[in-house]
Amino acid sequence: MKKFVVGTALTALVLAGCGNGGASEEESATLRVGASNVPHAEILEKAKPMLEEQGIDLEIETYQDYILPNKDLESGEIDANYFQTVPYLETQIADNGYEFENAGGIHIEPIGVYSQKYASLDELPQDATILMSNSVSEQGRILSLLEVEGLITLAEGVDKTSAEVSDIVDNPKNLQLEPDYEAALLVQLYESGEGDAVLINSNYAIDAGISPLEDSIAIESSDSPYVNIITVRAGDEDNENVKALVEVLKSQEIQDFILEEWGGSVVPVD
């Protein structure tokens, strides 16, 4: 997959930095972070000059999928990534044995329901086809949204973050849920009118010029537990440059930028 690198290393600085082997006093203060195009990379671009003031050169590598950023983090090609939620990270660790840590939560991207055919969830007909991501970590999130909207009921006592389609005990409209699609393809399916409704992550929607607040027929609450985080290799969560990155991303300036730039489609967290 093609990746785009933004930024140049500051070779004159001899400060603690993240590299293939973690922090080293002999490395320049270059921090390489992998991110989804929108909003993650745009947020990092805003943070870049703030980090430069602290002697840290931020290199941003953008990705179009959810697999390579973790592979590149494990191999040491990047020092951190910024694209995933805690439940997704936990699934990736369980499935791949990654030794990663959450260095800090930055923002939430509410997931939305979109339809070219219906203006509201109430209009969905019997046996409506609902297209969903094939990511296991996303299923519980999507099903929780559908339950909140009164379309389905999940089994009592089920962990909502790990719920699956098989956990549905009541489905009055007999919705045909199809969790079969790569998350990055859902925008294309929506735009081509596939299915009766499509669940799309806000980062993909925004990247395609779709407004989660204006174009969705339902949207996840902003108090969602699916916070987008800075992820690092185990041990690097205490690296000074990583801590500086998280501190800048949590600053009032960056929080204000997120709210102004995306008008509530992306929400910063404390």
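Per chain, residues are indexed from 1 in the order of the written sequence. Local features in this predicted model are restricted to residues whose pLDDT is 70 or higher, and side-chain atom pairs enter the listing and the counts only when it is 80 or higher, whereas totals over whole chains, interfaces and linings include all residues. Side-chain numbers here rest on the full set of heavy atoms in the structure, without hydrogens or water.

- For the chain, the name recorded in an unreviewed UniProt entry is Lipoprotein, with Planococcus halocryophilus as its organism.
- In its Sequence similarities (unreviewed entry) section, the UniProt record describing the chain reads: "Belongs to the nlpA lipoprotein family."
- UniProt, in its Subcellular location (unreviewed entry) section for the chain, records the words "Membrane". UniProt positions are given in the numbering used here, feature names are shortened, and annotations may be inferred rather than shown by experiment.

1. Here we look at the packing of aromatic side chains
So, point 1. Each Phe, Tyr or Trp ring, with Trp reduced to its six-membered ring, pairs with another whose centre is within 6.5 Å; inter-plane angles below 30 degrees give stacked pairs, above 60 give edge-to-face pairs, and intermediate values give tilted ones. One pass over the structure, following the stated rule, counts 7 aromatic pairs.
So, point 2. For the pair Tyr98 and Phe100, a centre-to-centre distance of 4.6 Å together with 15 degrees between the ring planes defines the contact as stacked.
So, point 3. Each residue in the set Tyr66, Phe83, Tyr88 and Tyr204 is aromatic and connected to the rest through ring pairs, giving one cluster.

2. A word on empty space enclosed by the protein
So, point 1. Two kinds of site are reported from a 1 Å grid over the protein atoms alone, namely cavities, where a 1.4 Å probe fits but cannot get out, and pockets, open sets with protein on both sides within 12 Å along at least five of seven lines, and residues are called lining when an atom falls within 4 Å of a point. Grid points are joined across faces, edges and corners, and a volume is the space filled by probe spheres set on the points. Throughout the structure, instances matching the rule amount to 3 cavities of 30 Å³ or more.
So, point 2. In this model, the largest cavity occupies a volume close to 130 Å³.
So, point 3. Lining the largest cavity are 14 residues, and of these Tyr66, Phe83, Thr85, Glu138 and Asn201 lie nearest its centre.
So, point 4. At the level of secondary structure, the elements contributing two or more residues to the lining of the largest cavity comprise strand E6 (80–85), helix H4 (136–148) and helix H6 (202–207). Numbering goes from the N terminus for both helices and strands, where a helix is a DSSP run of H or I of at least four residues and a strand is a run of E of at least two.

3. Here we look at the sheet that holds strand E8 (residues 112–114)
So, point 1. Only strands that DSSP links by at least two bridges are regarded as paired with each other. The 5 strands lie next to each other as E12-E9-E13-E8-E14, forming an open sheet whose pairing is mixed. At either margin of the open sheet sits one strand with a lone partner, and together these are strand E12 (176–181) and strand E14 (218–219).
So, point 2. By the bridge criterion, 2 bridges tie E8 to E14 in an arrangement that is antiparallel. Paired with Gly112 across the strands is Ile219, a residue of E14.

4. Quick notes on helix H8 (residues 240–249)
So, point 1. Among the 10 residues in H8, 7 count as buried, and that is most of the element.
So, point 2. Among all positions in H8, only Asn241, Val242, Ala244, Leu245, Val246, Val248 and Leu249 are buried.
So, point 3. One side-chain oxygen of the residue at the start of H8 lies 2.8 Å from the amide nitrogen of Asn241, identifying that residue as Asn239. Exposure is judged per residue with a 1.4 Å probe applied to protein chains only, and the accessible area is read against the type maximum: over 50% gives exposed, under 20% gives buried, and values in between give partly exposed. Pairs of N or O atoms within 3.5 Å make up the polar contacts considered here, provided that, within protein, one atom can donate a hydrogen while the other can accept it, and that residues adjacent in sequence are counted only when both atoms are side-chain atoms.

5. Considering the packing of helix H1 (residues 37–52) against H8
Any two packed helices are characterised by the angle at which their axes cross and by the distance between the axes.
So, point 1. In this description, a line fitted to the C-alpha atoms serves as the axis of each element, helices being fitted only across the stretch in contact, and the angle between N-to-C directions of two axes falls anywhere from 0 to 180 degrees. At a closest axis distance of 10 Å, the pairing of H1 and H8 adopts a crossing angle of 115 degrees. H8 is crossed by H1, and the crossing has right-handed handedness. Contacts between H1 and H8 involve Ile43, Leu44, Ala47, Met50 and Leu51 from the former and Ala244, Leu245, Val248 and Leu249 from the latter.
So, point 2. In this classification, the charged set is Asp, Glu, Lys and Arg, the nonpolar set is Ala, Val, Leu, Ile, Met, Phe, Trp, Tyr, Cys and Pro, and all remaining amino acids, among them Gly, are polar. When grouped by side-chain class, the residues that make up the contact of H1 with H8 number 9 nonpolar, no polar and no charged. Definitions for this section: a left-handed crossing has its near helix turned counterclockwise from the far helix by less than a right angle. A right-handed crossing has that turn clockwise. Contacts between residues were defined by any pair of non-hydrogen atoms, one from each residue, lying within 4.5 Å.

6. Description of the nonpolar core
Soluble, globular proteins show a tendency: their nonpolar side chains are buried together.
So, point 1. Only buried residues count toward a nonpolar core. Its members are Ala, Val, Leu, Ile, Met, Phe, Trp, Tyr and Cys residues joined through side-chain atoms within 4.5 Å. Within the largest apolar cluster, 31 residues are counted, with the highest numbers of intra-cluster contacts made by Leu44, Ile230 and Leu249.
So, point 2. Of all the secondary-structure elements, those providing two or more residues to this core are strand E4 (30–36), H1, strand E5 (57–63), E6, strand E7 (100–108), strand E15 (227–233), H8 and helix H9 (252–262).
So, point 3. A per-element tally of this core places H1 first, with 7 residues.
So, point 4. Residues within four places of Leu249 in sequence aside, it is in contact with Ile43, Leu44, Ala47, Ile106, Ile230 and Ile254.
So, point 5. Of all hydrophobic cores here, the second largest spans 23 residues; its members include Val113, Leu154, Ala163 and Ile217.

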